[in-house]
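A closer look at the structure
Here is how the chains run, residue by residue.
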There are 2 protein chains.
Amino acid sequence: MPVTLADIARELGVSKMTISRAINNHPLINTETRERVLEVARRMNYQPNQYARALATNRSYLIGIVVPDLMNLYFAEVARSIEAVARPAGFQLLICSTEEDPTRELDEVEILLQRTDGLIISSVLPPTETKAYRKMIKDGAKIVLVDRTMKNLRCPAVATDNVEVGRLATEHLISLGHRRVGHLRGDASSVSTERLEGYKQSLAKNKLRLDGSLVRACGLLESEGYEAMRLWLKEPDVPEAIFAVNDPTAVGAMKAMEEAGLRAGRDIAIVGAGNIHYGDMLRVPLTTVSWSRGEMGQQAAHMLIHQIESGSPVKSKQIILPPELIVRSSCGVKPTAKIRSSVRLEGHAMKR
Amino acid sequence: MPVTLADIARELGVSKMTISRAINNHPLINTETRERVLEVARRMNYQPNQYARALATNRSYLIGIVVPDLMNLYFAEVARSIEAVARPAGFQLLICSTEEDPTRELDEVEILLQRTDGLIISSVLPPTETKAYRKMIKDGAKIVLVDRTMKNLRCPAVATDNVEVGRLATEHLISLGHRRVGHLRGDASSVSTERLEGYKQSLAKNKLRLDGSLVRACGLLESEGYEAMRLWLKEPDVPEAIFAVNDPTAVGAMKAMEEAGLRAGRDIAIVGAGNIHYGDMLRVPLTTVSWSRGEMGQQAAHMLIHQIESGSPVKSKQIILPPELIVRSSCGVKPTAKIRSSVRLEGHAMKR
DNA sequence: TTGCTGGGAGTTACCGGTAACAAATAGTCT
DNA sequence: AGACTATTTGTTACCGGTAACTCCCAGCAA
């Protein structure tokens, strides 16, 4: 039914190859012939068959994106910035959400590798589980990790310094005078692990004892932060300040607080990470640690496209974006707090 | 490099066809042979080449999704619910964001049709611009419209009753005693047009004059709502209540109000539409009109998949989801307000 | 024994492009 | 004129699957 190269060739009385050359702007073709072909192609509304092209060239011009959660605006923003780079380069995006499920991630990746030129993955695997990816990369898979990286995996990656994220958040809470600083520590992913590490470092540096009861595991989803906090609030000795592993869990935790009649920033200080959109518009504007999601997506896209276009140089460049603290009011900031260099004060925190 | 059917065939000393049959669970194959083939395939880590399969069968098991804005959680939720249906059915998602740009939409759709089995589109075209889609559908394209439909286009669709959305929002504001009820009316899309119609109907029904200065056009993005409101606030005679065409613009407008030292729900009442995630966690919880995004995505996915699997029955079924008002506090609701049937009271609006 | 039946495997052609090489044509050089 | 070159077009084979058809052979009835 659809028009093929052969149809146009017949119409013009030339060979398929001539048409193919014209369509692809091949240098070895008469300019005049090309014009004529393109004219007819347009008239017949020719659309190249992407399957056939991909089969012949082994290039699909598709980039696969694997994110943990589409409903997390953080990843929506990363995806959008990838698209901003990929589109002009002629690539389209195949997006998958793993819902923070490692098994699902591996399944999806396996399938996506078959139909894309390369993948940008924000992995939810534990950072030590590199076996599967190691094998894929050895077999020629083009992969770039974003946001969540894996130690010991020779693979290009863009992320932030998550230990520093943990330190910035925790030290800010400590600097505000809190002594019982707790942590909603997420899961076993690299991100969670590193932020936890930063949290520990800060406690140590300030001679605060790391009390097991101060740390609670939860997932990385808002609902999980909510649930963890809801349970925590039923116990005695809830910490006076909390560093939540990311913004969605922080939001969830704040919801739980509200339901318990508590107010973030007044009764319990809380700091998130990721600087999601809407964070500054929340009931209690969320103090958070931020780095550029746009930069993240763009860099990842550039690295992947470069890798695709240039064969496979396997330069495993790792880009680390610097995090900065954004002080709003969920941390209950006092105007007298000492503000360090990587801190930005915003909106409501200014009120005195 | 990757393993092909031929490789396995050679290994086993049989023909490609036998392998193909085994892989696809073809009925005309000896069960024992199949076992043997599958065993070897697994051992060799065979992954079928999707391009080749798609070329031969003209089926890609890809569904294209075209949404106006990935950063709008509304669409993220629709996309997620589409995925929830499509995945188990063996389909993957190719997602495109048009950034509310009609030209871009047509470009993308053209390309996506070439590499997918069907499209789910939330169109940003003016509702009368049906020519392009009409042609594609005639040529066999399988398309389902979601959220934003087009009049006079024989095509399955899922949407809400947007005239009713406009009425619910506007009448609520009127019922609260406001007389100068304004409208941020979005763009020329079907959604905006119909909500505007609902707004007009409500004014008429309540014997209120439709004053041109009460209606302001803006896009559908948060940034555009912000900008429109910012300018509006510089003029005299800003309305005392505003129905914003959707939640993002309402949020943008609230930002502009805050910057001007005004507070939504106290100085200016505002109602949005769409019930985005976070709407209830905002500084001023957003009163909005809601319908099920999950239902929307699921129904659309079902209709498209049915259409794909069954050839093309072209039943242009249109599903309309009922909207309901969700009262929070951005409308400045007074506890005495009469509440009608399709209204839900939430959280802060309950305080008295 | 012959002929028929049907399950199971093989053959061939094709899906719609592209790479690599061959061929034709025109123009140039000696 | 003959050989050579450059430019443009055509031929052939192949990418990795699948549909449709053919073929083979065991089992069984006549």
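Everything numeric here is computed off the predicted structure, so don't read it as measured data.

As a further point, take the relation of the copies chain B and chain A. Expressed as a screw operation, the relation of chain B to chain A combines 0.1 Å of axial shift with a rotation of 180 degrees, fitting to an RMSD of 0.2 Å. Each copy turns onto its partner about a two-fold axis.

This next bit is on the sheet that holds strand E7 (residues 215-216) of chain A. All names here are of chain A. The strand order across the open sheet formed by four strands is E7-E6-E8-E9, and the pairing between neighbours is parallel. Unpaired on one side and paired on the other, E7 and strand E9 (269-271) mark the two borders of the sheet. When strand E6 (residues 181-184) meets E7, the two strands line up parallel, connected through two bridges. Bridge pairing links leucine 184 to arginine 216 in E7. Against the sheet, helix H10 (residues 222-232) touches E6, E7 and strand E8 (241-244), its axis set at about 140 degrees to E6.

What follows is about the protein's contact with DNA strand D. The environment of DNA strand D is made up of 25 residues, and the closest members are A:Thr18, A:Arg21, A:Thr33, B:Lys16 and B:Ser20. Within 4 Å of the protein, the atoms of DNA strand D are drawn from sugar and phosphate moieties in a proportion of 60%. A distance of 2.3 Å separates a phosphate oxygen of DNA strand D from a polar atom in the side chain of B:Ser20. Here a sugar or linking oxygen of DNA strand D and a side-chain polar atom of B:Tyr46 are 3.0 Å apart. Going through the elements one at a time, helix H2 (16-23) and helix H4 (50-57) of chain A together with helix H2 (16-23) and helix H4 (50-57) of chain B are the ones with two or more residues in the surface near DNA strand D. Of the residues forming the surface near DNA strand D, the biggest block, five residues, is contributed by H4(B).

In total, this model carries seven aromatic pairs over all chains according to the counting rule given. With centroids separated by 5.1 Å and ring planes inclined at 85 degrees, the aromatic side chains of A:Tyr74 and A:Phe75 adopt a geometry described as edge-to-face. Here the two residues A:Tyr74 and A:Phe75 agree in accessibility, since each one is buried. Cluster of aromatic residues (ring-pair linked, three or more members): A:Tyr74, A:Phe75 and A:Trp291. Note that B:Arg59 overlies the ring of B:Tyr61, its terminal NZ or CZ placed 4.5 Å from the centroid.

In the region of DNA strand C, 24 residues are neighbours, and A:Lys16, A:Ser20, B:Thr18, B:Arg21 and B:Thr33 sit closest. Expressed as a percentage, the sugar and phosphate content of the atoms of DNA strand C within 4 Å of the protein is 61%. Within the contact set of DNA strand C, a phosphate oxygen lies 2.9 Å away from a backbone nitrogen or oxygen of A:Leu5. B:Asn30 is positioned with one of its backbone polar atoms (N or O) 3.1 Å from a phosphate oxygen of DNA strand C. Elements with a contribution of two residues or more to the surface near DNA strand C: H2 and H4 of chain A together with H2 and H4 of chain B. Here the surface near DNA strand C is composed, by residue class, of eleven nonpolar, nine polar and four charged.

A word on the domain arrangement of chain A. Residue and element names in this part refer to chain A. The assigned domain composition of chain A is domain 1 (5-48), domain 2 (57-160 + 292-321) and domain 3 (162-290 + 325-350). Measuring from the centre of the C-alpha atoms in domain 2 to the corresponding centre in domain 3 gives 29 Å. Between domain 2 and domain 3, the residue contacts involve 14 residues of the former and 18 residues of the latter. Here domain 2 meets domain 3 over a buried area of about 1300 Å², counting both sides, of which 53% is carbon and sulfur. Taken together, domain 2 and domain 3 are joined by three residue pairs in polar contact (both at pLDDT 80 or more). Of the residues that constitute the side of domain 2 that touches domain 3, the class distribution is five nonpolar, three polar and six charged.

A few words on the nonpolar core. A:Ile63, A:Ile270, B:Ile63, B:Met229 and B:Ile270 are the most contacted members of the largest nonpolar core, which totals 154 residues. The contacts of A:Ile63, once residues within four sequence positions are left out, are A:Ala86, A:Phe91, A:Gln92, A:Leu93, A:Leu94, A:Thr116, A:Gly118, A:Ile120, A:Leu304, A:Ile305 and A:Ile308.

This next bit is on the interface of chain B and chain A. Opposite the 53 residues of chain B that make contact, chain A presents 54 residues. Carbon and sulfur atoms supply 53% of the area buried between chain B and chain A, which totals about 5400 Å² over both sides. Summed over the shared surface of chain B and chain A, the number is two salt bridges. One salt bridge connects A:Arg87 with B:Glu108, and the closest N-O pair in it is separated by 1.6 Å. Scanning the region where chain B abuts chain A turns up 20 residue pairs in polar contact (both at pLDDT 80 or more). Elements that contribute at least two residues to the side of chain B that touches chain A include exactly H4, helix H5 (73-86), strand E2 (92-97), helix H6 (102-115) and helix H11 (247-259) of chain B. Sorting elements by how many residues they give to the side of chain B that touches chain A places H6(B) first, with seven residues. Classifying every residue of the side of chain B that touches chain A gives 25 nonpolar, twelve polar and 16 charged.

Inspection of helix H10 (residues 222-232) of chain B places B:Glu222, B:Gly225, B:Tyr226, B:Ala228, B:Met229 and B:Trp232 among the buried residues, and these make up the whole buried set. On its buried side, H10(B) packs onto strand E6 (181-184), strand E7 (215-216), strand E8 (241-244) and H11 of chain B.

Calculation notes
- Residues numbered from 1 in each chain as written.
- Chains lettered and ligands numbered in written order.
- Predicted model: local features only at pLDDT ≥ 70, side-chain atom pairs only at ≥ 80, totals over all residues.
- Heavy atoms only, no water.
- Least-squares fit on C-alpha atoms with pLDDT ≥ 70 in both.
- Pairing = 2+ DSSP bridges.
- Helix = DSSP H or I, 4+ residues; strand = E, 2+ residues; numbered from the N terminus.
- Contact = heavy atoms within 4.5 Å.
- Axes fitted to C-alpha atoms, helices over the stretch in contact; angles between N-to-C directions.
- Near = heavy atom within 4 Å.
- Polar contact = N/O pair within 3.5 Å; in protein donor to acceptor, adjacent residues only side chain to side chain.
- Phe/Tyr/Trp six-rings, centres within 6.5 Å; stacked < 30°, edge-to-face > 60°.
- Buried < 20%, exposed > 50% of the residue type's maximum accessible area, 1.4 Å probe, protein only.
- Lys NZ or Arg CZ within 6 Å of the ring centre and 35° of its normal.
- Nonpolar A, V, L, I, M, F, W, Y, C, P; charged D, E, K, R; others polar.
- Domains from an automatic or database assignment.
- Buried area = accessible area lost by both parts, 1.4 Å probe.
- Core = buried A, V, L, I, M, F, W, Y, C linked by side-chain atoms within 4.5 Å.
- Salt bridge = Lys/Arg side-chain N within 4 Å of Asp/Glu carboxyl O.

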